[in-house]
Amino acid sequence: RSMPPMWRRIIGLLVTALVLYGVAPAVLQVLDAWPEVVDIEPYWFAAMIAAQVLSWAGMWLLQRLAVDARSWWPVVTSQLASGAFGRVVPGGGAAAGALQYGMLVQSGVSSSLAGIGLGVSSIVLLATLTALPVLALPAIVLGLAVPTRLLQAALVGSALFVALLAV
């Protein structure tokens, strides 16, 4: 027996309210920064879009190789869906990883390859991010004036990079 239409609407409204409650902080943060957008030169928008697309393409390539997927479709869709999901639910990173794993397995990737591949791609991404502050070290060694926070980030990033390299 099906549910009465009124109850379906009430449940739909409750689900909508929960989703809006989860999304509201991100929306408010974007709206709060809106006045600063007019100060950005238009060519930077093209550069930002290109950098984001290249970032996604690199992640998709890494994950496709790591999970040994034959097709791009499951890797691309699972990564985009899990990234969006992880931003709006509590425990975002864990929930996103579980969603991506489930989507990959459902698309035909073996469960062991999906788990290992996602773990390996996460470690490679973390190692890359921790290595980025190392790029500031030549400026520090050459004696250029470096902001204190950048120096701290470079030292912490270097230590994390060395630790990950050792592991």
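Predicted model, so just to flag it, every value in this text is computed and none were measured. (Residues numbered from 1 in each chain as written. Predicted model: local features only at pLDDT ≥ 70, side-chain atom pairs only at ≥ 80, totals over all residues. Heavy atoms only, no water.)

Caption draft 1: Representation of the overall build of the protein chain in the model. For the protein chain, the count of helices and strands is seven helices and zero strands. Starting at the N terminus, the α and β elements of the protein chain follow one another as α-α-α-α-α-α-α. Reported as C-alpha extents along the three principal axes, the dimensions of the protein chain are approximately 75 × 45 × 30 Å. In the form shown here, the protein chain has an accessible surface area of approximately 12300 Å², with 73% of it arising from carbon and sulfur atoms. Separation of charge centres in the protein chain, based on 7 positive and 5 negative side chains, amounts to 25 Å. (Helix = DSSP H or I, 4+ residues; strand = E, 2+ residues; numbered from the N terminus. Areas by Shrake-Rupley, 256 points an atom, 1.4 Å probe, with all protein chains shown as cover. Lys, Arg positive; Asp, Glu negative; His and termini not counted. Charge placed at Lys NZ, Arg CZ, Asp CG, Glu CD.)

Caption draft 2: Representation of the side chain of Ser78. Tracing the sequence through the fold places Ser78 in helix H3 (residues 72-88). The exposure class assigned to Ser78 is buried, which follows from its relative accessible area of 0%. Reaching out from Ser78, the side chain makes a polar contact with the backbone oxygen of Pro74 at a distance of 2.7 Å. Residues in contact with Ser78, not counting those within four places in the same chain, are Gln100, Met103 and Leu104. (Buried < 20%, exposed > 50% of the residue type's maximum accessible area, 1.4 Å probe, protein only. Polar contact = N/O pair within 3.5 Å; in protein donor to acceptor, adjacent residues only side chain to side chain. Contact = heavy atoms within 4.5 Å.)

Caption draft 3: Structural view of the layout of surface pockets. Volume-wise, the largest pocket comes out at about 610 Å³. As for the largest pocket, its lining consists of 23 residues, and the residues nearest its centre are Met59, Gln63, Gln79, Gly83 and Leu125. With seven residues, the top contributor of residues to the lining of the largest pocket is H3. A class-by-class count of the residues in the lining of the largest pocket yields eight nonpolar, 14 polar and one charged. (1 Å grid on protein atoms, 1.4 Å probe; cavity = no way out; pocket = protein on both sides within 12 Å on 5 of 7 lines; lining within 4 Å. Points joined across faces, edges and corners; volume = space filled by probe spheres on them. Nonpolar A, V, L, I, M, F, W, Y, C, P; charged D, E, K, R; others polar.)

Caption draft 4: Main features of the packing of helix H5 (residues 111-131) against helix H7 (residues 148-166). Here H5 crosses H7 at 145°, and the two axes come no closer than 8 Å. Like other packed secondary-structure pairs, H5 and H7 cross with a definite hand, here left-handed. Residues Leu126, Ala127, Thr130 and Ala131 of H5 pack against Gly157, Ser158, Leu160, Phe161 and Leu164 of H7. Looking at side-chain class alone, the contact of H5 with H7 contains six nonpolar, three polar and no charged residues. (Axes fitted to C-alpha atoms, helices over the stretch in contact; angles between N-to-C directions. Left-handed = near helix turned anticlockwise from the far one by under 90°.)

Caption draft 5: Looking closely at unusual backbone geometry. One non-glycine residue, Asp68, adopts positive backbone phi at about 55°. Within the secondary structure, Asp68 sits in the loop between helix H2 (42-67) and H3. Taking the relative accessible area as the measure of exposure, Asp68 reaches 52% and is therefore exposed.

Caption draft 6: Up close: the environment of Val146. With respect to the secondary-structure elements, Val146 resides in the loop between helix H6 (137-141) and H7. For Val146, a relative accessible area of 23% gives the class partly exposed. With 81 residues separating them in the primary sequence, Val146 and Leu65 have C-alpha atoms 38 Å apart. Leaving out residues up to four positions away in the same chain, Val146 has contacts with Ala139, Ile140 and Leu151.

Caption draft 7: Summary view of the nonpolar core. The biggest cluster of nonpolar side chains holds nine residues, and these are Trp60, Val67, Ala69, Val75, Val76, Leu104, Val109, Ala114 and Leu118. Excluding residues within four positions of it along the chain, Trp60 makes contact with Trp72, Val75, Val76, Gln79 and Leu80. (Core = buried A, V, L, I, M, F, W, Y, C linked by side-chain atoms within 4.5 Å.)

Caption draft 8: Focus on the confidence of the model for the protein chain. On average, residues of the protein chain score 86 in pLDDT, and 99% of them reach the 70 mark or higher. Taking the mean pLDDT of every element in the protein chain, the minimum, 74, falls on H6 and the maximum, 93, on H2. (pLDDT = per-residue confidence, 0-100.)

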